[in-house]
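# Fold and geometry: a report
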Amino acid sequence: MGMSAAAQFHVLAVDDSLIDRMLIERLLKTSSFHVTTVDSAIKALQYLGMVEDKLKGYETPEIHQNAEVNVNLIITDYCMPEMTGHDLLRKIKESNSLKDIPVVIMSSENVPSRINRCLEDGAEEFFLKPVQQSDVNKLKPHLLKSRSKEEEETQPINNNKRKQESSAPFNKNSYKIKI
Amino acid sequence: MEVGQMQRQWIDYTRSLFIEGFLDAQFLQLEQLQDDNNPDFVVEVVSLFFQDSHKLLNDLTVALDQKSVDFKMVDAHVHQLKGSSSSIGAQRVKNCCIAFRNLCEEQNIDGCLKCLHQVKQECCLVKNKLETLFRLEQQIMAAGGSIPLMELSF
């Protein structure tokens, strides 16, 4: 079952710094990802099809879901004005339509409590800036795992073995904090 | 000057920038991201940094000149400068910013003013250094040569 012939992975990169957006875009494109960059968490949510509900904050009404947007991974800066990367992570994980998209957080500050909170709240990885090629190389496994999970879910119902399998929890302990 | 000589000059100059701490490994990362499809990537990012830092330094000058200094805002500007200098590998600027942030936390105005002066100097220095480097690169390419691959081995 070959994966390499599949469509390119689409990564949404969120960072308020233009320099960092340029960097992450080049790093991702070097790994053959298709990249979209936005400069705020709010724009990211809009891109993902979330529409503001003045009463309840951001949520995704069924009718407004942008069916054409197909984002396979979101990589976001932590420190951003108005809405942080952590807030963005929470909004994504609270959304039924978006919660399965892997989210990666980047930060220039090495704050263990911040890192742990992000990982506990569902971030797949936490990269310290400046992000390296070796960090970006860690993304493909998460994308391949998501893609194979998607493919499983579209299999015919008589494949009972799949239904009984539960996906192993992501091993967050494998993250090493850089000193 | 023939190409080989220019290339040796480029190598020596680049090496000196690393040894003197103006640049760190992140700068090499930038160079690795440059290729035939993105031949001006390094110059673009570096130019952007100097535009950005110019504005930030002006904002910092104004902010520290106020009767009642808003240290939170000063810190936010320095945080941004620290981030962008770190992203391009401008090590001395970055280190200055780290010291600057500590002084912000202490709300030490004199210290901050001294640091601001220092950051301005470091930005100026690294800008001149990089302009010299890019000029050398242009000369090499104009003469039909290519830029040597640089690796940190010290």
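A quick note: this is a predicted structure, and the numbers were derived from the prediction, not measured. (Residues numbered from 1 in each chain as written. Chains lettered and ligands numbered in written order. Predicted model: local features only at pLDDT ≥ 70, side-chain atom pairs only at ≥ 80, totals over all residues. Heavy atoms only, no water.)

## Concerning the overall build of chain A
Scanning chain A from N- to C-terminus turns up 7 helices and 7 strands. Counting the 179 residues in chain A, one finds 44% classified as buried. Long-range pairs, those at least 24 residues apart, make up 64% of the contacts in chain A between residues at least 6 apart in sequence. Summing over all exposed atoms, chain A offers an accessible surface of approximately 10100 Å²; the carbon and sulfur share of this is 49%. (Helix = DSSP H or I, 4+ residues; strand = E, 2+ residues; numbered from the N terminus. Buried < 20%, exposed > 50% of the residue type's maximum accessible area, 1.4 Å probe, protein only. Contact = heavy atoms within 4.5 Å. Areas by Shrake-Rupley, 256 points an atom, 1.4 Å probe, with all protein chains shown as cover.)

## Structural notes on the overall build of chain B
Within chain B, the secondary structure is distributed over 6 helices and 0 strands. When the elements of chain B are put in sequence order from the N terminus, they spell out α-α-α-α-α-α. Along the first, second and third principal axes, the C-alpha atoms of chain B reach 60 × 30 × 25 Å. Burial analysis of chain B (154 residues in total) assigns 44% to the buried set. For chain B, the proportion of contacts with a sequence separation of at least 24, taken over those separated by at least 6, is 67%. Between the centroid of the 14 positive side chains of chain B and the centroid of its 21 negative side chains there is a distance of 7 Å. (Lys, Arg positive; Asp, Glu negative; His and termini not counted. Charge placed at Lys NZ, Arg CZ, Asp CG, Glu CD.)

## Considering the packing of aromatic side chains
Tallied over the entire structure, the rule returns 2 aromatic pairs over all chains. Pairing F9 of chain A with F33 of chain A gives two aromatic rings, centres 6.5 Å apart and planes at 50°, and the pair type is tilted. Here F33 of chain A lies in the loop between α1 (18–30) and β2 (34–38) and F9 of chain A lies in the segment before β1 (10–14), a separation of 24 residues in the sequence. One exposure class covers both F9 of chain A and F33 of chain A, and it is buried. Judged by centre distance (5.1 Å) and plane angle (65°), the ring pair of F49 of chain B and F50 of chain B falls under edge-to-face. Residue F49 of chain B is classed as buried on the basis of its relative accessible area of 0%. Taking the ring centre of F33 of chain A as reference, the NZ or CZ of K140 of chain A above it sits at 5.2 Å. (Phe/Tyr/Trp six-rings, centres within 6.5 Å; stacked < 30°, edge-to-face > 60°. Lys NZ or Arg CZ within 6 Å of the ring centre and 35° of its normal.)

## Comments concerning the interface of chain B and chain A
Many descriptions give the size of an interface as the accessible area lost when the pieces come together. Facing 19 residues of chain B, the contacting portion of chain A comprises 15 residues. Here chain B packs against chain A, burying approximately 1400 Å² in sum over the two surfaces, 63% of which is carbon and sulfur. Interface area lost by chain B to chain A is led by Q29, L33 and L48 of chain B, which between them contribute 33%. Summed over the shared surface of chain B and chain A, the number is 2 salt bridges. A salt bridge links D35 of chain B to R26 of chain A, with the shortest nitrogen-to-oxygen separation between them at 3.8 Å. In this assembly, chain B and chain A are joined by 6 residue pairs in polar contact (both at pLDDT 80 or more). Elements supplying a minimum of two residues to the side of chain B that touches chain A: α2 (25–33), α3 (41–64) and α4 (71–88) of chain B. (Buried area = accessible area lost by both parts, 1.4 Å probe. Salt bridge = Lys/Arg side-chain N within 4 Å of Asp/Glu carboxyl O. Polar contact = N/O pair within 3.5 Å; in protein donor to acceptor, adjacent residues only side chain to side chain.)

## Re the UniProt feature "domain: HPt" (unreviewed entry) in chain B
UniProt's feature table lists "domain: HPt" (unreviewed entry) at residues 38–143 of chain B, given in the numbering used throughout. Secondary structure across residues 38–143 of chain B divides into 86% helix and 0% strand, with the first and last C-alpha atoms of the span separated by 20 Å. (UniProt positions renumbered as here; feature names shortened; annotations may be inferred.)

## Quick word on the UniProt feature "modified residue: Phosphohistidine" (unreviewed entry) in chain B
UniProt's entry tags H79 of chain B with the feature "modified residue: Phosphohistidine" (unreviewed entry), counted in the numbering of this structure. Considering the arrangement of structural elements, one finds H79 of chain B in helix α4. Once residues within four sequence positions are removed from consideration, H79 of chain B is found in contact with C79, S108 and E109 of chain A together with R101 of chain B.

## Concerning the nonpolar core
Formed by 67 residues in total, the largest nonpolar core has its most connected members in L28 and I75 of chain A together with F100 of chain B. It is α3 of chain B that contributes the most residues to this core, 12 residues altogether. Excluding anything up to four places from it in sequence, L28 of chain A contacts V11, A13, F33, V35, I75, V136 and L139 of chain A. With 26 residues, the next largest nonpolar core counts V38, V71, L98 and I115 of chain A among its residues. (Core = buried A, V, L, I, M, F, W, Y, C linked by side-chain atoms within 4.5 Å.)

## Topic: α1 of chain A
All names here are of chain A. Over its 13 residues, α1 extends 18 Å from the first C-alpha to the last, a length consistent with the 18 Å expected when each residue adds 1.5 Å. For α1, every residue scored as buried is listed here: I19, D20, R21, M22, L23, I24, R26, L27 and L28. At the C-terminal side of α1, S32 shows a positive phi close to 65°. (Expected span 1.5 Å × (residues − 1).)

## Thoughts on the UniProt feature "modified residue: 4-aspartylphosphate" (unreviewed entry) in chain A
In the numbering used here, UniProt assigns the "modified residue: 4-aspartylphosphate" (unreviewed entry) feature to D77 of chain A. Taking the relative accessible area as the measure of exposure, D77 of chain A reaches 6% and is therefore buried.

## Some remarks on the side chain of H10 of chain A
Residue and element names in this part refer to chain A. With respect to the helices and strands, H10 occurs in strand β1. Taking the relative accessible area as the measure of exposure, H10 reaches 8% and is therefore buried. Side chain to side chain, H10 and T36 meet in a polar contact 2.7 Å long. H10 has contacts with H34, V35, T36, Y47, N70, V71, N72 and L73, leaving out every residue within four places of it along the chain.

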